[in-house]
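The primary structure of each chain is shown beneath.
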Amino acid sequence: MSLASGSSTRRKAPEELTAPGELTTPEALKTLEELTTSQELPAPATGTSSASTEEPAAVLPVALSRPRLPRPPALPRILRATLTGATKSAAIVALLLVWELAPRFGLVDRTFLPPFSEVAQAWWGLVANGQLADNAQASLVRSFSGFGIAVAVSVPLGLLIGWYRPVADLLNPLLQVFLNTAALALLPVFVLLLGIGETSKISIVVYACAWPILFNTISAVRTVDPTLLRLAKSMDLSAPRLFQKVILPASVPTIFTGIRLAGAVSIVVLVAAEMIGAKAGLGYLINASQYNFAIPQMYAGIVTISVIGVAFNQLLVAVEQRLSSWRVPATS
């Protein structure tokens, strides 16, 4: 009985496990082994299913034959960036070249307009003795302080006036009067009321910067797409959410136009204010160089103001692009 049960429970041979229709002859097994060897796969064990051995061999060539995306070559990109930079700087290079050659060929009096190389030497001398850094620091502190105060006050006020029509109708005549009054015309008034110290200089910068920011902010709120407002109101958005999701994002480009204008005005007005009663600053440096007939130093101060203005404008452009990254770029 035990022998019968043992014989009935013995493990079947591989030949007995083979399903009908599979490769079982020695010639077929040899052919299967050669096929798997040619695909660089380990040979399957005898008795395994032919479907399980042929499937990896069929998948591997497909995986290996997938095309790889070519990487863009670096040389054309470098050449394109170089060409773009050269195009943007061509006008400046031409101006500097004319500035250098015109005094040397006698087209202008080099006493009053020295060559650019002499101005560059004077600029380096001011850098070496620390005068340029001290005066530039004094000007930047005054300019950025007044500019920051103007932005902090004018943007919220412009949003308020632009959103509430009765407030705009009440204040618009008064705002137009101040807008058409030049800041430099009021400089003696600021000096008389606030003295010749730092307060009067920062205040004149605040006054000059406030109006471009204020009126551009009002215009930005009033020119928001009415379709966006109707869609937002149809979603039952509250007033704070409407400002956050619709008004502010749509107003950013126009607001930053006023902010960039104010950035340029802040430097120009400050230089004029520093020429009256200041003891430090780029305006003081230019005025003192003129009185001492140090013409190259005077032009060095002017060039420094121009460089600071361009750098400040580029900084504002970068901030604007960061805040308005949601905008879809125009396609040419």
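Residues numbered from 1 in each chain as written. Predicted model: local features only at pLDDT ≥ 70, side-chain atom pairs only at ≥ 80, totals over all residues. Heavy atoms only, no water.

Undergrad: Help me understand the layout of surface pockets in this model?
TA: It is the rolling of a water-molecule-sized probe over the atoms that shows where space remains empty. Quantified by volume, the largest pocket comes out at close to 280 Å³. For the largest pocket, the full set of lining residues is Ile92, Leu95, Leu96, Trp99, Phe116, Val303, Ser306, Val307 and Val310. When residues of the lining of the largest pocket are traced back to their parent elements, those giving at least two are α5 (74–104) and α14 (295–323). Residue composition of the lining of the largest pocket, by class: eight nonpolar, one polar and no charged. (1 Å grid on protein atoms, 1.4 Å probe; cavity = no way out; pocket = protein on both sides within 12 Å on 5 of 7 lines; lining within 4 Å. Points joined across faces, edges and corners; volume = space filled by probe spheres on them. Helix = DSSP H or I, 4+ residues; strand = E, 2+ residues; numbered from the N terminus. Nonpolar A, V, L, I, M, F, W, Y, C, P; charged D, E, K, R; others polar.)

Undergrad: Explain helix α10 (residues 198–222) here, please?
TA: Because an α-helix packs 3.6 residues into every turn, residues spaced three or four apart end up facing the same way. The end-to-end C-alpha separation of α10 is 37 Å, in line with the 36 Å expected for 25 residues at 1.5 Å each. Counting buried positions along α10 gives 18 out of 25 residues, so the element sits mostly inside the fold. (Expected span 1.5 Å × (residues − 1). Buried < 20%, exposed > 50% of the residue type's maximum accessible area, 1.4 Å probe, protein only.)

Undergrad: Help me understand unusual backbone geometry, please; the structure alone is not making it clear to me.
TA: Most peptide bonds take the trans form, and the phi angle of most residues other than glycine is negative. Even without a glycine there, the phi angle at Phe293 is positive, about 55°. Relative to the helices and strands, Phe293 resides in the loop between α13 (282–291) and α14.

Undergrad: Would you mind showing me how to read the nonpolar core here?
TA: Nonpolar side chains in soluble globular proteins generally cluster together in the buried interior. By size, the foremost hydrophobic cluster in this structure holds 39 residues, and its most contacted members are Phe147, Ile204, Ile247 and Ile259. Secondary-structure elements contributing two or more residues to this core are α7 (131–163), α8 (165–179), α9 (187–194), α10, α11 (226–234), α12 (239–274) and α14. In contact with Ile247, not counting residues within four places along its chain, are Trp163, Val221, Val224, Leu229 and Leu242. Formed by 16 residues, the second largest nonpolar core is a distinct cluster that contains Val271, Leu285, Met298 and Tyr299. (Core = buried A, V, L, I, M, F, W, Y, C linked by side-chain atoms within 4.5 Å. Contact = heavy atoms within 4.5 Å.)

Undergrad: Would you take a moment to explain empty space enclosed by the protein for this structure?
TA: Considering all chains together, one arrives at two cavities of 30 Å³ or more under this definition. Roughly 70 Å³ of volume is contained in the largest cavity. In terms of lining residues, the largest cavity is bounded by Ser139, Leu140, Ser143, Ile267, Leu270, Val271, Glu274, Leu282, Ile305 and Ile308. Counting only elements with at least two residues in the lining of the largest cavity, the list comes to α7, α12 and α14. The greatest single-element share of the lining of the largest cavity, amounting to four residues, is contributed by α12.

Undergrad: Just checking my understanding: could you explain the packing of α7 against α12 for this structure?
TA: A pair of packed helices can be characterised by two numbers: the angle between their axes and the separation between those axes. Between α7 and α12, the least distance of the axes is 8 Å, while the angle of their chain directions is 145°. In this structure, α7 crosses over α12, and the sense of that crossing is right-handed. Between α7, through Ala138, Ser139, Arg142, Ser143, Phe147, Val155, Leu159 and Trp163, and α12, the contact on the second element is made entirely by Leu242, Phe243, Ile247, Leu248, Ile255, Ile259, Ala262, Gly263, Ser266, Ile267, Leu270 and Glu274. When grouped by side-chain class, the residues that make up the contact of α7 with α12 number 14 nonpolar, four polar and two charged. (Axes fitted to C-alpha atoms, helices over the stretch in contact; angles between N-to-C directions. Left-handed = near helix turned anticlockwise from the far one by under 90°.)

Undergrad: So what exactly am I meant to see when it comes to the packing of aromatic side chains here?
TA: Counting across every chain of the model gives nine aromatic pairs. A ring pair is formed by Phe147 and Phe312, whose centres lie 5.2 Å apart and whose planes are at 75°; its orientation type is edge-to-face. Of this pair, Phe147 sits in helix α7 while Phe312 sits in helix α14, placing them 165 residues apart in sequence. Under the relative-accessibility criterion, Phe147 is labelled buried at 10%. Phe312 sits in the buried class, given a relative accessible area of 9%. Feature note: the residues Phe178, Phe190, Tyr207 and Trp211 constitute an aromatic cluster, connected by ring pairs. (Phe/Tyr/Trp six-rings, centres within 6.5 Å; stacked < 30°, edge-to-face > 60°.)

Undergrad: Which parts of the structure should I look at to understand the confidence of the model for the protein?
TA: Low pLDDT marks stretches whose predicted atomic positions should not be read closely. Residue-level pLDDT values for the protein average 77, and 75% of them are 70 or greater. Looking at the elements of the protein, mean pLDDT is at its lowest for helix α1 (residues 2–8), recorded as 42, and at its highest for helix α6 (residues 116–129), recorded as 93. Here residues 1–24 is modelled with pLDDT under 50, and outside its nearest four sequence neighbours on either side it reaches seven contacts, counting other chains as well. A low-confidence stretch, residues 35–64 stays under pLDDT 50, and its non-local contacts, those more than four residues away or across chains, total 17 contacts. (pLDDT = per-residue confidence, 0-100.)

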